[in-house]
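Structural overview for review
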Amino acid sequence: MTNTMPHGAALLLGFIREAEVGSSDRASYDVIYAHKQNALAKPLTAMTLGEVIAAQKTWSRAHGSSAAGGYQFMRATLLGLLREIPGLNEEQIFDPALQDSLGLHLLNRRGFESFVSGEISLSEFGRRLAMEWASLPVLAESEGEWRRVKRGQSCYAGDGLNRALVKPGKLEAVLQEVLAASRSSDAASGSAGDVLSSTVRPELRRKPVARSGRFWTWLLTAGGTIITALKELNLVALDWRVQLAILMTIVGFAIYAISSMPAVRVAIGLGR
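Just so you know, these numbers come straight off a predicted model, no measurement behind them.

Definitions and cut-offs
Residues numbered from 1 in each chain as written. Predicted model: local features only at pLDDT ≥ 70, side-chain atom pairs only at ≥ 80, totals over all residues. Heavy atoms only, no water. Helix = DSSP H or I, 4+ residues; strand = E, 2+ residues; numbered from the N terminus. Buried < 20%, exposed > 50% of the residue type's maximum accessible area, 1.4 Å probe, protein only. Contact = heavy atoms within 4.5 Å. Polar contact = N/O pair within 3.5 Å; in protein donor to acceptor, adjacent residues only side chain to side chain. Salt bridge = Lys/Arg side-chain N within 4 Å of Asp/Glu carboxyl O. Axes fitted to C-alpha atoms, helices over the stretch in contact; angles between N-to-C directions. Parallel < 35°, antiparallel > 145°, perpendicular 65-115°, else oblique. Nonpolar A, V, L, I, M, F, W, Y, C, P; charged D, E, K, R; others polar.

**Quick word on the overall build of the protein chain**
Along the backbone of the protein chain there are 11 helices and 2 strands. Shown N-terminal to C-terminal, the secondary structure of the protein chain runs as helices and strands in the order α-α-α-α-α-α-β-β-α-α-α-α-α. Each of the 272 residues in the protein chain was classed as buried or not, and the buried ones make up 37%. Here the contacts in the protein chain between residues at least 6 apart in sequence split such that 57% fall between residues at least 24 apart.

**Points about the environment of Arg-26**
Examined against the element boundaries, Arg-26 turns out to sit in the loop between helix H1 (7-21) and helix H2 (49-63). The spacing of Arg-26 and Pro-96 is 70 residues in sequence and 7.6 Å in space, taken between C-alpha atoms. Each residue touching Arg-26, except ones within four places of it in the same chain, is listed here: Thr-45 and Pro-96.

**Let's talk about the environment of Arg-109**
Among the structural elements, Arg-109 can be located in helix H4 (residues 96-109). With near-sequence residues (within four places) excluded, Arg-109 lies in contact with Leu-81, Glu-84 and Glu-132.

**A word on the environment of Tyr-71**
Residue position: Tyr-71 is located in the loop between H2 and helix H3 (75-84). When its relative accessible area of 1% is taken as the criterion, Tyr-71 is described as buried. With 35 residues separating them in the primary sequence, Tyr-71 and Leu-106 have C-alpha atoms 9.8 Å apart. Other than its neighbours up to four places away in sequence, Tyr-71 contacts Leu-13, Ile-16, Arg-17, Glu-20, Tyr-29, Gln-99, Asp-100, Gly-103 and Trp-133. A distance of 2.8 Å separates polar atoms of two side chains, one belonging to Tyr-71 and the other to Arg-17.

**Here we look at the pattern of salt bridges**
Here the structure, examined in full by the defined rule, presents 11 salt bridges. Between Glu-132 and Arg-110 there is a salt bridge whose closest N-O contact spans 2.8 Å. Placement of Glu-132 in helix H6 (residues 122-132) and of Arg-110 in the loop between H4 and helix H5 (112-116) is noted, with a sequence separation of 22 residues between them. Salt-bridge contacts for Glu-124 lead to Arg-127; the nearest nitrogen and oxygen are separated by 2.8 Å. On the criterion of helical spacing, the pair formed by Glu-124 and Arg-127 is a turn pair, its members being 3 residues apart in helix H6.

**Considerations on the packing of H3 against H4**
Two elements in contact, H3 and H4, have axes whose closest approach is 12 Å; the angle formed by their N-to-C orientations is 85 degrees. Judged by the angle between their axes, H3 and H4 are roughly perpendicular. Across the interface between the two elements, Thr-77, Leu-78, Leu-81 and Glu-84 of H3 pack against Leu-102, His-105, Leu-106 and Arg-109 of H4. Across the contact of H3 with H4, the residue classes tally to 4 nonpolar, 2 polar and 2 charged.

Listed below in structure tokens is the structure:
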């Protein structure tokens, strides 16, 4: 699977990792629920996706949850992503790049593109994020998983396990930053295209009158036409030596014009 990471999405995923596991650095990708990763035979990011899913079977019983990685993927979530994402397979290493790619998929599934385009409100996107990540708070009173929850509470409040770990104002500030970053990236992309188009010099856009071999073909054809016209008018006794002299004169003039007149070289596409 391949995903291009938008700048705004990268900001938001870093914030989510910090909310979920307490940090957003490289080590955050190796965390499992309750920070029991030191008990693993090898680091999470060295395991394959299949190995992680297999190991998660026992984590719920041993640690209280199967959550794994920087985005605390539940076992059911990873199994669902395997079915949902083309190209994703159990042999892939559960490294930071794969985790970021899966995190981005979850963001998009919760409406990231609709949020940055203005189709859904900040509050609604916050509610959707809270449904995916229990550490994030809802931004307005809404229906939770187990009961109705107030602004600032986890969507899963009431299960005896989860609670919001960041303030709603902090999430709102980050989402505003994500919006600004996304719009800035879009504007920069558009400006770069405009600048590229406007800075192309007119002479580079113009199609040359003639170029290399086509120019010489035209020159010799023109010379032949002149000779034929003179013969028909009986103005010159055009034996082969006279014809050759006329052609040499035409070619000599062309060479002189090309070598001494820059405008001619530009016109035929041989120079600037």
